[in-house]
Amino acid sequence: MKLVERISADTEGVVQRLRDGMAGGVLAFPLTSFREDGGLDPESYRAYLTAQVAAAPGALFPACGTGEFSALDEDEYREVVRAAVEVADGRLPVVAGTGYGWAQALRFARIAEEAGADALLVMPHYLVAAPQDGLVEQLRRIAGGTRLPLIAYQRGQVTFTAGSVRRVAEIPTVIGLKDGHSDLDRLQRLTLAAPDGFLCFNGAATAEIQARAYATVGVPAYSSAVHAFAPEIANAFFAALRDGDEAVTRTLLRDFYIPLVELRDRVPGYAVSLVKAAARLRGLPVGPVRAPLVDPGPADLADLEKILDAGLDLAGATRRGTA
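So, here's what we can say about the structure. Predicted model, so just to flag it, every value in this text is computed and none were measured. (Residues numbered from 1 in each chain as written. Predicted model: local features only at pLDDT ≥ 70, side-chain atom pairs only at ≥ 80, totals over all residues. Heavy atoms only, no water.)

### Looking at the packing of aromatic side chains
Counted under the stated rule, the structure contains 10 aromatic pairs. Ring geometry for Tyr77 and Phe108: centres 4.6 Å apart, planes at 70°, overall edge-to-face. Of the two residues, Tyr77 sits in helix α3 (residues 74-88) while Phe108 sits in helix α4 (residues 102-115), which places them 31 residues apart along the sequence. Look at Tyr77 and you get buried, because its relative accessible area is 0%. Three or more aromatic residues link up through ring pairs in this structure, and these residues are Phe69, Tyr77, Tyr100 and Phe108. The aromatic ring of Tyr153 is capped on one face by Lys178, whose charged end is 4.2 Å from the ring centroid. (Phe/Tyr/Trp six-rings, centres within 6.5 Å; stacked < 30°, edge-to-face > 60°. Helix = DSSP H or I, 4+ residues; strand = E, 2+ residues; numbered from the N terminus. Buried < 20%, exposed > 50% of the residue type's maximum accessible area, 1.4 Å probe, protein only. Lys NZ or Arg CZ within 6 Å of the ring centre and 35° of its normal.)

So, in structure tokens, the structure goes:
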């Protein structure tokens, strides 16, 4: 059965907007701006979001992993999601993060709904491993408490089987799956088990590294942490991949993305901390990370500068903007 035969007209509209966005650009996961004292910086966040939206991503995913969802309290979360909705102003879909156990996830879901989000990305639940029946029930409970469509996120302790994906896809407002495991054999089974039209995308850390591989199993769409600090690089890679420009694709992978990943792998949490540091190097008003993450030290920051400048040069851009 096709997905559209199981969902409402409102949900179908969100699915179509997301599908169009995934075909036309990377999925942006914006950083959350904090002051040096650790407090939320709403004005800087809106300025940063304005630049993100101007770079024309396929969709905006505020308060997710890159946006330090787990570091936000409910009031901050409300402000972050509302700002994203207002800055996007209907030009692209806004998918807010939610998570923890289903009861807390519903509290965030209702805040996002009130703030005007189009859909929710259900982050992996907190701490404990769970059986397949529990993973399905978690989504069922969240779906039962909000009108917003849901995208499941498998990563860490959350791994769905093909049978569970079939069950999840029967929940009327569950519209897709973000994959962060990069097990392409398993992912192929999941995509074939899902109904036609179910939205699947690559959510691996530094997803561009594996974008070509994901495309071979029918999952060409991907999130881009690089878009959070260098949309010029992210968009150049997306265009090269879309147009089959193997020379540009390989050069960007070899000279920018792989060095970035090698630096990222030095310290736990650098998948976010380096992104924020790179944004600060470009003068973007994002501030520091919140504990338990840590900002890069001087040696890693110096290496990041070299990698960033190399990528910007390849994309025809400069530290302060397009050349």
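### What to know about empty space enclosed by the protein
Taken as a whole, this structure holds 1 cavity of 30 Å³ or more when the rule is applied. The computed volume of the largest cavity comes to approximately 80 Å³. Residue lining of the largest cavity: Val122, Met123, Pro124, His125, Leu135, Gln138, Leu139, Ala152, Tyr153, Val158 and Phe160, and that is the complete set. Of all the elements in the fold, those that place two or more residues in the lining of the largest cavity are α5 (132-143) and β5 (150-154). The element best represented in the lining of the largest cavity is α5, accounting for 3 residues. Along the lines of polarity and charge, the residues of the lining of the largest cavity split into 9 nonpolar, 2 polar and no charged. (1 Å grid on protein atoms, 1.4 Å probe; cavity = no way out; pocket = protein on both sides within 12 Å on 5 of 7 lines; lining within 4 Å. Points joined across faces, edges and corners; volume = space filled by probe spheres on them. Nonpolar A, V, L, I, M, F, W, Y, C, P; charged D, E, K, R; others polar.)

### Structural notes on the layout of surface pockets
Unfilled space is identified by rolling a water-sized probe across the atoms. When its volume is computed, the largest pocket comes out at roughly 980 Å³. When residues of the lining of the largest pocket are traced back to their parent elements, those giving at least two are β8 (223-224), α10 (246-264) and α11 (270-281). Among the elements that take part in the lining of the largest pocket, α11 stands out by supplying 5 residues, more than any other. Residue classes in the lining of the largest pocket are distributed as 25 nonpolar, 11 polar and 5 charged. Of the voids in this model, the second largest pocket is the one considered here, and its volume is about 420 Å³.

### Quick word on the packing of α4 against α5
Where α4 meets α5, the axes come as close as 9 Å, and the angle between the chain directions of the two elements is 35°. Regarding α4 and α5, the two cross each other, and that crossing is right-handed. Mapping the contact onto sequence places Trp102, Ala105 and Leu106 in α4 and Gln138, Arg141 and Ile142 in α5. For the contact of α4 with α5, the class distribution of residues is 4 nonpolar, 1 polar and 1 charged. (Axes fitted to C-alpha atoms, helices over the stretch in contact; angles between N-to-C directions. Left-handed = near helix turned anticlockwise from the far one by under 90°. Contact = heavy atoms within 4.5 Å.)

### Some thoughts on the side chain of Glu68
Tracing the backbone shows Glu68 in the loop between β2 (59-60) and α3. A polar contact is formed between the side chain of Glu68 and the backbone nitrogen of Arg290, at a distance of 2.9 Å. Dropping the residues within four chain positions of it, Glu68 is found in contact with Thr32, Phe34, Val272, Lys276, Pro288, Val289, Arg290 and Leu293. (Polar contact = N/O pair within 3.5 Å; in protein donor to acceptor, adjacent residues only side chain to side chain.)

### Things to note about a nonpolar patch on the surface
Taken together, the side chains of Tyr126, Leu127 and Val128 define a hydrophobic patch exposed on the protein surface, amounting to about 360 Å² of accessible area. Tracing the backbone shows Tyr126 in the loop between β4 (119-122) and α5. Taking relative accessible area as the criterion, Tyr126 reaches 56% and is therefore assigned exposed. (Patch = residues over 30% accessible without salt bridge, like charges linked within 9 Å, V, L, I, M, F, W, Y side chains within 5 Å. Areas by Shrake-Rupley, 256 points an atom, 1.4 Å probe, with all protein chains shown as cover. Salt bridge = Lys/Arg side-chain N within 4 Å of Asp/Glu carboxyl O.)

### Quick look at the pairing of strand β3 (residues 95-98)
On β3, burial covers both faces: Val95 and Gly97 on one face and Ala96 and Thr98 on the other are all buried. Viewed along the sheet, the connection from β3 through α4 into β4 turns out right-handed. (Right-handed = clockwise from strand over helix to strand, strands pointing away.)

### Quick notes on the sheet that holds strand β1 (residues 27-28)
Sheet architecture is open: 3 strands sit in the order β2-β1-β8, paired in parallel fashion. With partners counted over all chains shown, the strands left at the sheet margins are β2 and β8, one partner each. Pairing between β1 and β8: 2 bridges, direction parallel. Counted as the bridge partner of Leu27 is Ser223 from β8. (Pairing = 2+ DSSP bridges.)

### Here we look at unusual backbone geometry
Residues other than glycine predominantly adopt negative phi, and peptide bonds predominantly adopt the trans conformation. With an omega of 15°, the peptide bond running from Ala291 to Pro292 counts as cis. Assignment of secondary structure puts Pro292 in the loop between α11 and α12 (298-314). Positive phi values are uncommon outside glycine, yet Ser182 reaches one of about 60°.

### Overview of the pattern of salt bridges
One pass over the structure, following the stated rule, counts 22 salt bridges. The partner of Arg167 in a salt bridge is Asp133, with the nearest N and O atoms 2.9 Å apart. Residue Arg167 is located in helix α6 (residues 162-169), and its partner Asp133 is located in helix α5; the two are separated by 34 residues in the primary sequence. Residues joined in a network through salt bridges with shared partners are Glu137, Arg140 and Arg141.

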